[in-house]
Amino acid sequence: MLQRIQTIYLLLAAGVSGGLIYVFELWTTPENIKVYAHDVNYIFALFLVSAFFSILSISRFKHRKSQFMLGRLNILLNFFLLGLFLYQSLNVSGETQVSEKGIGIFLPIISIVLLALANKAIKKDEDLVKSVDRLR
């Protein structure tokens, strides 16, 4: 159902992945230029795919197994995004590209926590339905 707690978690995850990328910068270049997620195409695409998966998972509320699977896929996508940020920040030789890290690099962590909470609530609902079916 749409009024469940996992819907709130998934909406917050979609807001983090789709909305906060415009607010928080990822890093600042040595020339004091703030780089946001929408400035780097592949990072922007990954954030939008993550937001899309969250919204799609909300719309799949009648199919809890596929909703749970989409949540796991979204968590993996956010781990990939986090690894990409980690690689980019550690692989720069002599600080030529990334001068100062921004708070936007931590947005996938927030999204992962929200998606894990949503998946926990989905699993709890699935277990409840299975226990009720057992009683019939």
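Refer to the structure printed above.
Because the structure is predicted, anything quoted here is derived from the model rather than measured.

In terms of nonpolar packing, the biggest core is built from 26 residues, with Leu26, Trp27, Ala37, Ile43, Phe47, Leu81 and Phe85 touching the most fellow members. If you list the elements that add at least two residues to this core, you get helix 1 (5-18), helix 2 (41-59), helix 3 (64-90) and helix 4 (107-135). Ranked by residue count, the leading element in this core is helix 3, at six residues. Beyond its immediate chain neighbours, meaning those up to four positions away, Leu26 contacts Val35, Tyr36, Ala37, Ile43, Phe85, Lys101, Gly102, Gly104 and Ile105.

Of note, Gln67 is situated in helix 3. Judged by relative accessible area, which is 2%, Gln67 ranks as buried. When residues no more than four places from it in sequence are discounted, the contact partners of Gln67 are Gln6, Leu10, Ser57, Ile58, Arg60, Phe61, Asn119 and Ile122.

Another aspect to go through is the side chain of Glu25. Structurally, Glu25 can be placed in the loop between helix 1 and strand 1 (27-28). One buried charged residue, Glu25, forms no salt bridge at all, with the nearest opposite charge on Lys34 at 4.3 Å. Those residues in contact with Glu25 that lie beyond four places of it in its chain are Lys34, Val35, Tyr36, Gly102, Ile103 and Gly104.

Conventions adopted
- Residues numbered from 1 in each chain as written.
- Predicted model: local features only at pLDDT ≥ 70, side-chain atom pairs only at ≥ 80, totals over all residues.
- Heavy atoms only, no water.
- Core = buried A, V, L, I, M, F, W, Y, C linked by side-chain atoms within 4.5 Å.
- Buried < 20%, exposed > 50% of the residue type's maximum accessible area, 1.4 Å probe, protein only.
- Helix = DSSP H or I, 4+ residues; strand = E, 2+ residues; numbered from the N terminus.
- Contact = heavy atoms within 4.5 Å.
- Lys, Arg positive; Asp, Glu negative; His and termini not counted.
- Salt bridge = Lys/Arg side-chain N within 4 Å of Asp/Glu carboxyl O.

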